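Fold and contact review
Now for the letters of each chain:
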Amino acid sequence: MKTENNKFAKAEMLIRKPVSEVFQAFIDPEITSKFWFTKGSGKLAEYQPIEWVWEMYGFSLTVLTKVIEENKKIVVEWGNTGETTTVEWIFTPLNKNETFVSITNSGFVGDTDKIIDQVRNSTEGFTLVLAGAKAYLEHQIQLNLVLDRFPKGLA
């Protein structure tokens, strides 16, 4: 049995909005920047590299979209050279006004401690992203969860 398949992080959340609206929130950086990164160089499009920027952390990364299935699935690769991972969003409409979003981050490499650390950080990060997306899409509230995860002045 391959253990590689067990090296993944997962976060899931019900968002009480139509699937098309939730899907667009992760495709369009004008919306995504309200709950995750601060800037994106463009909308996600298959095989078009784009850059996401977290200005508060002085950090950016290139995202390469592998799959876009409208209102169903997004698959991207991201990360540093030699350490790229795959992120997959699955959008499941439960009815016309409720969408269940599942985000899986896989392909972690390294020793056991490094993989455990990456899985923990990714699970925590995507949980914050989904909670922020839920607050913004359902209530137009920007919780700043990603911004406040690592506040300045905290060692």
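Now for a quick tour of the structure. (Residues numbered from 1 in each chain as written. Predicted model: local features only at pLDDT ≥ 70, side-chain atom pairs only at ≥ 80, totals over all residues. Heavy atoms only, no water.)

Topic: the environment of T62
Locating T62 in the fold gives a position in strand β4 (residues 59–69). As a C-alpha pair, T62 and F126 span 64 residues in sequence and 17 Å in three-dimensional space. Excluding anything up to four places from it in sequence, T62 contacts P49, I50, E77, W78 and G79. (Helix = DSSP H or I, 4+ residues; strand = E, 2+ residues; numbered from the N terminus. Contact = heavy atoms within 4.5 Å.)

What to know about the pairing of β4
As judged from the six bridges shared by strand β3 (residues 49–54) and β4, these two strands associate in the antiparallel manner. Paired with W54 across the two strands is F59, which belongs to β4. Counting the residues in the hairpin turn of β3 and β4 gives four residues, including G58, whose phi is positive at 60°. Inspection of the sheet shows β4 paired to strand β5 (residues 73–78) by six bridges, in the antiparallel sense. Residue pairing in the sheet places E69 in a bridge with K73 of β5. From the end of β4 to the start of β5, which pair antiparallel, there are three residues, and N71 there has a positive phi angle of about 65°. (Pairing = 2+ DSSP bridges.)

Section: the packing of helix α1 (residues 19–27) against helix α3 (residues 112–139)
At a minimum axis separation of 11 Å, α1 and α3 run at an interaxial angle of 125°. Taken together, the axes of α1 and α3 are oblique relative to one another. Here α1 runs over α3; the crossing is right-handed. Facing α1, whose interface residues are E21, V22, A25 and F26, α3 presents V129, L130, A133 and L137. Residues belonging to the contact of α1 with α3 are distributed by class as follows: seven nonpolar, no polar and one charged. (Axes fitted to C-alpha atoms, helices over the stretch in contact; angles between N-to-C directions. Parallel < 35°, antiparallel > 145°, perpendicular 65-115°, else oblique. Left-handed = near helix turned anticlockwise from the far one by under 90°. Nonpolar A, V, L, I, M, F, W, Y, C, P; charged D, E, K, R; others polar.)

Overview of the sheet that holds strand β6 (residues 85–95)
Spatially, seven strands are ordered β1-β7-β6-β5-β4-β3-β2 in an open sheet, and the strand pairing comes out antiparallel. Taken across any chain shown, the strands that pair with only one partner, and hence form the sheet edges, are β1 (8–15) and β2 (39–40). As judged from the six bridges shared by β5 and β6, these two strands associate in the antiparallel manner. Across the sheet, E77 pairs through a bridge with T86, a residue of β6.

What to know about the pattern of salt bridges
Counted by the stated rule, this structure contains eight salt bridges. For E83, the salt bridge goes to K114, with nearest N and O atoms at 2.7 Å. Taken together, the residues E83 in the loop between β5 and β6 and K114 in helix α3 connect sequence positions 31 residues apart. Judged by relative accessible area, K114 falls into the partly exposed class, the value being 33%. Notably, a salt bridge pairs R149 with E124, separated by 2.6 Å at the nearest N-O pair. Taken together, the residues span a long stretch of sequence, with R149 in helix α4 (residues 145–149) and E124 in helix α3 at a distance of 25 residues. (Salt bridge = Lys/Arg side-chain N within 4 Å of Asp/Glu carboxyl O. Buried < 20%, exposed > 50% of the residue type's maximum accessible area, 1.4 Å probe, protein only.)

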